[in-house]
Amino acid sequence: MTFRVTVLGAGSVGSFVGGKLAAAGADVTFVGRPRLLDEIARTGLRLTDLDGGDDRVAPSAFRVATAPEDADAADLVLITVKSAQTAEAARQLADRVRPGTVVLSLQNGIGNDSAIREILPSCVVLAGMVMFNVVHHDGGRFHRGTEGGLAVTDDAALERFAPLFRRGGLELSRHADLRPVQWAKLLLNLNNPINALSGRPLREQLADRDYRRCLALAQREALAVMSRARIRPARLTVLPPALMAQLLTVPDALFTRVAGSVLAVDPMARSSMADDLARGRRTEIGWLCGEIVNLGRMVGSPTPVNARLVELVEAAEHGDTRTWSGPQLLAQLQEARAHTARHPATES
């Protein structure tokens, strides 16, 4: 049986995952921006990874569209838009998808699946996360620059699609409750704004102790808020989240010896937030650091570090093109935390 798959939000992640499914024999339609669709319709897809994988998918092996007009025939819909576009994407599907269609949210942040489920109550809506970084190069090439796979909420409806994902080299890690994994991934994604503001590739940025100290400040603050909210993130790294935040602060040589796997990143890989700023697009900062700020308000815990990162990224979205050295960014975050400690009543 040939499955029909609609990828709604064919950016870097959507093109890589959808391309892998097309290479595995699925009938895939990519829905996205004309600029990218025109490129892949002309060149086809080349899907590479840091482990040496190299798959090619000819233009004749998939379809492209600017709206999900043939989603009524889809067996599986992958939603890979940015979190701010989730509701709009779901509304595009509302009058098209058949009842019972499996809709898999492969997005950052917490709760996108709930937003989709409200709009598509007759579908099987499942949360998922892409646990790796994808870099888009010219000529329809999409490169997986970090380790990781796909984490999804387990459901019987996934059973028939599991072999397809497996053939595409995308083994599904299935979880009865994905929320702890989502919170753990959010902790890791708190590096996205730091990477974007640094102007450096991920590996170079993570090799710098001052940038890692910025990440540690953001993670420790997030962990304190999560603890107050009785949220226990899953363990996705070599150490539990609290110990990993501590390890981030050690000198570079020791960090490389103890946690060298963190630096197993393609030399040119950058965060998706860095790519968004480079292209003048709105970022997902409100669904990353903003999620921590909102949770802090709910439980009455100050979050000055994450709030300052939100402010800096929003300034960049509005045209502030400066890049921040490690010491400069660290000073910004330390001052934000110190100011709140001096004036706790001003924290909103």
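Overview of the structure.

Rules used in this analysis
- Residues numbered from 1 in each chain as written.
- Predicted model: local features only at pLDDT ≥ 70, side-chain atom pairs only at ≥ 80, totals over all residues.
- Heavy atoms only, no water.
- Disulfide = S-S within 2.5 Å.
- Buried < 20%, exposed > 50% of the residue type's maximum accessible area, 1.4 Å probe, protein only.
- Pairing = 2+ DSSP bridges.
- Helix = DSSP H or I, 4+ residues; strand = E, 2+ residues; numbered from the N terminus.
- Axes fitted to C-alpha atoms, helices over the stretch in contact; angles between N-to-C directions.
- Salt bridge = Lys/Arg side-chain N within 4 Å of Asp/Glu carboxyl O.

**Quick word on the state of the cysteines**
Taken as a whole and judged by the stated rule, the model has zero disulfides. Left without a disulfide partner, Cys-214 is nearest to the cysteine sulfur of Cys-289, which lies 11 Å away. Classification of Cys-214 by relative accessible area gives buried; the value is 0%.

**Some thoughts on the sheet that holds strand β1 (residues 4–8)**
Spatial strand order, β5-β2-β1-β6-β7-β8-β11-β12: eight strands in an open sheet with mixed pairing. Two strands lie at the open edges of the sheet, namely β5 (62–65) and β12 (172–175), each paired on one side alone. Direction aside, neighbouring strands of the sheet carry axes that sit 25° apart on average. Where strand β2 (residues 27–31) lies against β5, four bridges are found, and the strand directions are parallel. Following the sheet pairing, Phe-30 is matched in β5 by Val-64.

**Thoughts on the pattern of salt bridges**
Under the definition given, this model contains 22 salt bridges. Between Asp-276 and Lys-82 there is a salt bridge, with the nearest N and O atoms lying 3.2 Å from each other. Taken as a pair, Asp-276 in helix α12 (residues 272–278) and Lys-82 in the loop between β6 (76–79) and α3 (86–94) lie far apart in primary sequence, 194 residues in all. Via salt bridges that share partners, Arg-4, Asp-27, Arg-63 and Asp-70 belong to a single interconnected network.

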